[in-house]
There are 2 protein chains.
Amino acid sequence: MARSPQTFRSSQKIDVRVRHEVTAIDPGARRVQVTHLDSGRTSWEPYDDLLIATGARPIIPKVPGHDADGVLAVHTLESGLRVREALERLKPRHAVVVGGGYVGLEMAEAFLLLGLEVRLIEKAPQVMATLDSDMATLVADALRAKGVTLHLEESLVGFETRDGVLTAVMTDKGTYPAGIALLGLGVRPNTELAAEAGIPLGVRNALRVDRRMATAVDGVWGAGDCAESHHFITGKPFYVALGTVANRHGRVAGTNIAGGQAVMGGVLGTAVTKICSVEVGRTGLQERELQELGWEYVSETIESRTKAGYYPGSGPIHVKLSAERRTGKILGGQIVGETGSAKRIDVVAAAITGGLTAEAVSELDLGYAPPFSPLWDPVIMAARVLSKKIGV
Amino acid sequence: MARSPQTFRSSQKIDVRVRHEVTAIDPGARRVQVTHLDSGRTSWEPYDDLLIATGARPIIPKVPGHDADGVLAVHTLESGLRVREALERLKPRHAVVVGGGYVGLEMAEAFLLLGLEVRLIEKAPQVMATLDSDMATLVADALRAKGVTLHLEESLVGFETRDGVLTAVMTDKGTYPAGIALLGLGVRPNTELAAEAGIPLGVRNALRVDRRMATAVDGVWGAGDCAESHHFITGKPFYVALGTVANRHGRVAGTNIAGGQAVMGGVLGTAVTKICSVEVGRTGLQERELQELGWEYVSETIESRTKAGYYPGSGPIHVKLSAERRTGKILGGQIVGETGSAKRIDVVAAAITGGLTAEAVSELDLGYAPPFSPLWDPVIMAARVLSKKIGV
């Protein structure tokens, strides 16, 4: 985004070729087949090391009308511009967002701020699959309070159109007028090319990589939204398509390819988002994951305030923490609250990384002043309640 | 503040006596001499355990005019009301704040917001003694940018008055018109009574206490701004007059007096404050302390943004981290920046508590979304630069 092919060439001696598509990988001969999109010419290019950083693409279900004018997904800068162009040209009054994840919520916010009537369709019984259902309920309440009409447990069936232009979104339960529809149904790693070349895939068909970001095939590396990570707590392969993780992948792979020694640390799946003034943060393992692992854990949720109760702008915040029952070690945290809530999840992420117990977190020396926090920081308060529960 | 003597009595069976002053402690006989301030009557009251929670009081230098109408300090709710009353009655145009610590900065903010011309006098070469001088310079620049006239390395000499009312503040370098003067010169533990009874004092004449908050005298405990803490990193006695610490003191002392077992963990001196949109956070050891300890350390400061650069409301943030040279363990952190800066210090406090190295902090999985952070959180960026310096 910030650098041109010319800059790569002149300042870093990197030969960047845009409008060139790799159409096959031949790991045995260490070469890739490249098609120049403008001339149509194809050639084979040799490599010593190959980094696959093909990213992921939004999932677009092939339902009737999925290619109608007004049905959009957001992934690249260009797709963002397409949404803006569609809004200006179609002048919709009704927006339907399909999918209640990060992209769905953020686009719902954008549509709300533009004054559209916003409806959000989600197949699951909750929004935000990365939250526990009780915390997701708080987000759902907030969405409704902001004016979003929320349809949980409804599945997309198709799009109604007139002259190729979207007019309504159909689900298994109803048909809703829509001048624009935004799909936020998650992403799929772009790994078909790698799979064809026999490079093993892992979780959710992402490239299986070790902690050096090496695939199982000699000289082939993977990084970014097309590659797996390892979970910090479980140590198991884990797929998370987030910019922070992709960036770390790239640094580790690049260091190793350049002859250095780098190892990708575990990821916690820490994420933050907001819809208008409502903020969400999450990190570590959620209850569903803990149950699947069969771990004995304890969870507690508290409600507190983002600032001292009497300070202007103080708002509610809910903090949920989960810890291993036997050791008390923090395993996960989730936060839903008003402005000033989300980034408090970073303290939980640091606590998990440091192996802190609920008791240790309850005694953290965190900053207090009325514009920033109640005397007991909400994370400390949650840890205290959790610590007492574990102590019993 | 939130509970009346009646509430203490009815809901907790605690006999609270206001307007009663303890005028002597007799630890040998386990009794205190109490003077009822309204009747003037004095009696001796027995105790099994005695908790000294006498707090601290603002330092008021006995310079000429220190008791003039318009010269004020803030400590209790009542002293806050006195400032408001003085502002309404004296209608000052010029406010002079003496002392550039937390109280001085926060009162400077209050006077600015009321439209007064604000001057701040500080004896030291920097404001905010708990910051390193380079970070304090950023705060000083911010104060000046907000319109505060800053006088560093100037000492208070006295107050000029007319008919007992403040007219000007005199320093060793000048005389400045002042309709109101606010003293923020720090606090002094209220431990004279304890000292007279032979109870040993420690750092800055605070009650010397062990980690159970017991003094050296059997049955006598101390908690709050009149008592010492222990530093988390050095383990040494440490005095810090902050609400968070006082609150923890009280819980530990109370648990032990009631027959439980509690130990006060170490404190990091984490503190946050703000002046208008400029926020300050600090935790752990500062360079002066590290030099006094003779520890080999490395520091780095980075400048980044509070949010993604292109996001509305993104502002500058400076993060300084210090780490032990040999181990790389984080020893301290300081942050100065625009809205959204200060509470990021909590991540540093959690990292120190977890024993994390600069390298580990540089790999923390912190939350990213454009409204909350650049892709590399500023704390991570500072840790990365510091980690490289240590690695060399």
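Quick caveat, the model's predicted, so the values are computed rather than measured. (Residues numbered from 1 in each chain as written. Chains lettered and ligands numbered in written order. Predicted model: local features only at pLDDT ≥ 70, side-chain atom pairs only at ≥ 80, totals over all residues. Heavy atoms only, no water.)

This part covers the sheet that holds strand β9 (residues 149-152) of chain A. All names here are of chain A. In spatial order, the strands read β6-β13-β7-β8-β9; together these five strands make up an open sheet with parallel pairing. Each end of this open sheet is capped by a strand with a single partner; those strands are β6 (71-73) and β9. The sheet shows a mean angle of 20° between the axes of neighbouring strands, taken without regard to direction. Relative to strand β13 (residues 180-183), strand β7 (residues 94-98) runs parallel, the two being bridged by four bridges. Bridge pairing links V97 to L182 in β13. (Pairing = 2+ DSSP bridges. Helix = DSSP H or I, 4+ residues; strand = E, 2+ residues; numbered from the N terminus. Axes fitted to C-alpha atoms, helices over the stretch in contact; angles between N-to-C directions.)

Between the two copies, chain A and chain B, the superposition gives an RMSD of 0.0 Å; the rotation angle is 180° and the shift along the axis is 0.0 Å. As the rotation angle and translation indicate, the two copies are arranged about a two-fold axis. Measuring from the rotation axis to each C-alpha of chain A, the shortest distance belongs to A:G354, at 2.1 Å. Mapped onto chain B, 100% of the interface residues of chain A again fall at the interface, so both copies present the same surface. (Least-squares fit on C-alpha atoms with pLDDT ≥ 70 in both. Contact = heavy atoms within 4.5 Å.)

Before going further, it helps to spend a moment on the interface of chain A and chain B. With 41 residues of chain A in contact, the opposing surface of chain B contributes 41 residues. Together chain A and chain B conceal approximately 3500 Å² of surface at their shared face, both sides included; 60% is due to carbon and sulfur atoms. When the buried area of chain A at its contact with chain B is split by residue, A:K343, A:D365 and A:F372 rank highest and sum to 21% of it. Scanning the region where chain A abuts chain B turns up two salt bridges. At the junction of chain A with chain B, the criterion picks out 16 residue pairs in polar contact (both at pLDDT 80 or more). If you list the elements that add at least two residues to the side of chain A that touches chain B, you get α6 (243-257), β18 (271-275), α8 (345-353) and α10 (378-391) of chain A. (Buried area = accessible area lost by both parts, 1.4 Å probe. Salt bridge = Lys/Arg side-chain N within 4 Å of Asp/Glu carboxyl O. Polar contact = N/O pair within 3.5 Å; in protein donor to acceptor, adjacent residues only side chain to side chain.)

Turning our attention to the nonpolar core. Counting 65 residues, the largest nonpolar core has A:L321, A:I330, A:V361, B:L321, B:I330 and B:V361 as its most contacted members. Beyond its immediate chain neighbours, meaning those up to four positions away, B:V361 contacts B:I330, B:A351, B:L356, B:V379, B:I380 and B:A383. (Core = buried A, V, L, I, M, F, W, Y, C linked by side-chain atoms within 4.5 Å. Buried < 20%, exposed > 50% of the residue type's maximum accessible area, 1.4 Å probe, protein only.)

Next up on the list: the packing of α8(A) against helix α8 (residues 345-353) of chain B. Packing of α8(A) against α8(B) brings their axes to within 9 Å, and their N-to-C directions diverge by 15°. Considering their axes alone, α8(A) and α8(B) lie roughly parallel with respect to each other. Helix-helix and strand crossings are classified by hand; for α8(A) and α8(B) the assignment is right-handed. Touching A:D346, A:V347 and A:A350 of α8(A) are B:D346, B:V347 and B:A350, all from α8(B). (Parallel < 35°, antiparallel > 145°, perpendicular 65-115°, else oblique. Left-handed = near helix turned anticlockwise from the far one by under 90°.)

Residues and elements named next belong to chain A. Here L201 lies in the loop between α5 (192-196) and β15 (220-222). The exposure class of L201 is partly exposed, given its relative accessible area of 26%. Sequence separation between L201 and E228 is 27 residues; the distance between their C-alpha atoms is 8.7 Å. Leave out the neighbours within four places in its chain, and L201 touches T191, A195, A206, L207 and R208.

Residue and element names in this part refer to chain B. Applying the stated criterion across every chain, the model contains zero aromatic pairs over all chains. Directly above the aromatic system of W44 lies the positively charged group of R31, at a separation of 3.9 Å from the ring centroid. Between R384 and the ring centre of W376, over which it is positioned, the NZ or CZ distance is 4.1 Å. (Phe/Tyr/Trp six-rings, centres within 6.5 Å; stacked < 30°, edge-to-face > 60°. Lys NZ or Arg CZ within 6 Å of the ring centre and 35° of its normal.)

Looking at where B:S387 falls in the secondary structure, it is placed in helix α10 (residues 378-391). When near neighbours in sequence (up to four residues on either side) are disregarded, B:S387 contacts B:A358 and B:E359.

Residues and elements named next belong to chain B. Mapped onto the secondary structure, S314 falls in the loop between β20 (297-305) and β21 (316-324). One polar contact links the side chain of S314 to the main-chain carbonyl oxygen of K307, over a distance of 3.2 Å. The contact partners of S314, leaving out residues within four places of it in the chain, are R305, T306, K307, A308 and G309.

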